[in-house]
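What follows is each chain in one-letter form.
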Amino acid sequence: MSRSSPGVARVAAILNFIADHPGQAFALTDLVRALKLSRATCHALLTGLVDVGYLYRTTDKTYVLGPALAAIGRTAAAHFSPLQVAQPEMRSLADEFDVVCGAYFLEGDVIHLRERAASLSHIGYPVPLGTRMPLRWIQAMTFFARSARDADAWVSRADPPLGEEQLGQFRAGLEFVRTHGYVALLRRPGSEEELGVRSGTEDPPVVPLLEVDVQRVYPLVALMAPIYDSRNRVMMALVMAGFHGAMNGTALAQAGSRLAEASARISGFLAGGEDD
């Protein structure tokens, strides 16, 4: 696990504390008490932050967020995209597993492929960037894993409605994603179509893997994992597809864990948490 320097952590603590209390100003004593910093250290950090414009020292010797930090915040809000964070992870996954890694966003009840990274052997992959497809239960497992209410609401409006077997797989898939951070999609027996090529009105040509047996070999089509925002809602999902041939349970679990770890790192950054 990487560790930031103590100085950076203390600067971040000061800025985060003041940002978490909009409309309030804090004296040196307030920050020393709240952040458990020594008076000398806190004073030195505050002086430096004022010098660069990240904080402003008022006439009554209290501190508020400064104009330079406000300008950075406006720039970030105007230009930042979560795809900037996801792209390096997607490129790493695509090259490591020789697959295509796509970022899918949920727009109403439609999933939209907004970014992807392809390994050399997958240049010209048949699902073009910008593809939109109706959300089906096989993808909905990932988007609604942490929200039983949203999952139930989607089931109630699913078109076509889920059959009894599909609903059972859907519920079990939600639990698998909650537990493992990803779901594996296997080629349905008798289906020769690629994931995502259909119009979306048919049942997907894949089924979820609900229990991994390391001794078995699986016809793996794709791995899918959610990325969460600061409100614990799925911002997007990463999908690894284009695996070459079957994969044994051990290798499948390792690839799934790798995808889940990458998604967790992106989620942690987007939610403002620590990057492990």
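Basis of the calculations
- As a convention, each chain's residues are numbered from 1 in the sequence order in which they are written.
- Only residues with pLDDT of at least 70 are given local features in this predicted model, and only at 80 or more are side-chain atom pairs given and counted; all residues enter the totals for whole chains, interfaces and linings.
- No hydrogens and no water enter the side-chain calculation; it runs on all heavy atoms of the structure.
- Within this document, salt bridges are pairs made up of a side-chain nitrogen of Lys or Arg and a carboxyl oxygen of Asp or Glu, the two lying within 4 Å of each other.
- Elements are defined by DSSP. Helices are runs of H or I of four residues or more, strands are runs of E of two residues or more, and each kind is numbered from the N terminus.
- Residue burial is assigned from relative accessible area. The probe radius is 1.4 Å, only protein chains are included, and a residue is buried under 20% of its type maximum, exposed over 50%, and partly exposed in between.
- Among buried residues, the Ala, Val, Leu, Ile, Met, Phe, Trp, Tyr and Cys ones that are joined through side-chain atoms within 4.5 Å form a nonpolar core.
- Contact criterion: two residues are considered in contact whenever any of their non-hydrogen atoms come within 4.5 Å of each other.
- For helices, the fitted line uses only the C-alpha atoms of the stretch in contact; every axis is such a line through C-alpha atoms, and the angle between N-to-C directions lies from 0 to 180 degrees.
- An angle counts as roughly parallel when it lies under 35 degrees, as roughly antiparallel when it exceeds 145, as roughly perpendicular when it falls between 65 and 115, and as oblique in every other case.
- Handedness of a crossing is defined here by the sense of rotation of the near helix relative to the far one, left-handed for an anticlockwise turn of less than a right angle and right-handed for a clockwise turn.
- Three categories are distinguished: nonpolar for Ala, Val, Leu, Ile, Met, Phe, Trp, Tyr, Cys and Pro, charged for Asp, Glu, Lys and Arg, and polar for the others, with Gly belonging to the last.
- Whether two strands pair depends on DSSP finding at least two bridges between them.

Chemist: Describe the pattern of salt bridges, with residues and values.
Modeler: Applying the stated criterion across every chain, the model contains 10 salt bridges. As a salt-bridge pair, glutamate 96 and arginine 258 come within 2.8 Å of each other at their nearest N and O atoms. Of this pair, glutamate 96 sits in helix 5 (residues 82-97) while arginine 258 sits in helix 9 (residues 249-270), and the two are 162 residues apart along the sequence. Taking relative accessible area as the criterion, glutamate 96 reaches 46% and is therefore assigned partly exposed. A residue is classified by how much of its surface remains accessible, and arginine 258, at 16% relative accessible area, is buried.

Chemist: Now, about the environment of alanine 222: what can you tell me, with residues and values included?
Modeler: Looking at the secondary structure, you find alanine 222 in strand 10 (residues 220-228). The exposure class of alanine 222 is buried, given its relative accessible area of 0%. Between the C-alpha atom of alanine 222 and that of glycine 242, which follows or precedes it by 20 residues, the distance is 7.0 Å.

Chemist: Outline the nonpolar core, supporting the account with residue identities and numerical values.
Modeler: Residues Tyr104, Met141, Phe143, Phe144, Trp154 and Phe170 are the most contacted members of the largest nonpolar core, which totals 35 residues. Looking at this core, the elements that each hand over two or more residues are strand 4 (100-107), strand 5 (110-118), helix 6 (137-143), helix 7 (148-157), helix 8 (164-180), strand 7 (183-187), strand 10 and strand 11 (234-241). Per-element tally for this core: the top contributor is helix 6, with 5 residues. Ignoring sequence-local partners within four residues, the contact set of methionine 141 consists of Gln169, Phe170, Gly173, Leu174, Val177, Val183, Leu185 and Pro208. In terms of nonpolar packing, the next biggest core, distinct from the first, is built from 32 residues, Ala86, Ala117, Ala225 and Leu238 among them.

Chemist: Any details on the packing of helix 2 (residues 28-35) against helix 3 (residues 39-51)? Residues and values, ideally.
Modeler: At a closest axis distance of 10 Å, the pairing of helix 2 and helix 3 adopts a crossing angle of 120°. Considered as vectors, helix 2 and helix 3 are oriented oblique to each other. Pair helix 2 / helix 3 crosses with right-handed handedness. Taking contact as the criterion, the partners of Leu28, Thr29, Leu31 and Val32 in helix 2 are, on helix 3, Arg39, Cys42, His43 and Leu46. Of the residues belonging to the contact of helix 2 with helix 3, the class tally is 5 nonpolar, 2 polar and 1 charged.

Chemist: Go over the sheet that holds strand 5, please, and point to the residues and values.
Modeler: The 7 strands are arranged 6-5-4-11-10-7-8 in an open sheet whose pairing can be described as antiparallel. Each edge of the open sheet is held by one strand with a lone partner, namely strand 6 (132-134) and strand 8 (206-209). When the angles between neighbouring strand axes are averaged without regard to direction, this sheet yields 30°. As paired elements, strand 7 and strand 8 share 4 bridges and run antiparallel to each other. Paired with arginine 187 across the bridge in strand 8 is valine 206. Helix-sheet contacts for helix 9 involve strand 7, strand 8, strand 10 and strand 11, and the interaxial angle to strand 10 is about 20°.

Function cannot be read off these values alone, since they describe shape.
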